[in-house]
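Residues per chain are reported as follows:
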Amino acid sequence: MAESKITMRYLAEKLEHIHKDVEKNSDDIVQLKQEMSYGKGAVKSVAWIGGCVAVVVGLMRIFNGG
């Protein structure tokens, strides 16, 4: 009987550790999604600004070269 109590206590402790790890992983996943979202936004901004610069340079070449 004492062995089963020790085993149940051990399992309860392990379950609590697993629960804490799952909570931490969930928080990390939320943070990672947020960071990825920021990264996508930065890439879109750089692409948009690069497109604008390309248009300006292209127009300058067309009007100065003609």
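Anyway, here's the lowdown on the structure attached to this text. (Residues numbered from 1 in each chain as written. Predicted model: local features only at pLDDT ≥ 70, side-chain atom pairs only at ≥ 80, totals over all residues. Heavy atoms only, no water.)

## A short note on a nonpolar patch on the surface
Residues Trp48, Ile49, Val53 and Val57 make up a contiguous nonpolar surface patch of about 420 Å² in total accessible area. The exposure class of Val53 is partly exposed, given its relative accessible area of 47%. (Patch = residues over 30% accessible without salt bridge, like charges linked within 9 Å, V, L, I, M, F, W, Y side chains within 5 Å. Areas by Shrake-Rupley, 256 points an atom, 1.4 Å probe, with all protein chains shown as cover. Salt bridge = Lys/Arg side-chain N within 4 Å of Asp/Glu carboxyl O. Buried < 20%, exposed > 50% of the residue type's maximum accessible area, 1.4 Å probe, protein only.)

## Details of the pattern of salt bridges
Across all of its chains, the model carries one salt bridge by this definition. Among the ionic pairs, Asp28 bridges to Lys24, the shortest N-O distance being 3.0 Å. On the criterion of helical spacing, the pair formed by Asp28 and Lys24 is a turn pair, its members being four residues apart in helix 1 (residues 2-65). (Helix = DSSP H or I, 4+ residues; strand = E, 2+ residues; numbered from the N terminus.)

## Examining the environment of Lys14
You can see Lys14 is positioned in helix 1. Separated by 21 residues in sequence, Lys14 and Glu35 place their C-alpha atoms 31 Å apart.

## Examining the environment of Asp28
A residue is classified by how much of its surface remains accessible, and Asp28, at 33% relative accessible area, is partly exposed. In this structure, the C-alpha to C-alpha distance between Asp28 and Val46, residues 18 residues apart in sequence, is 27 Å.

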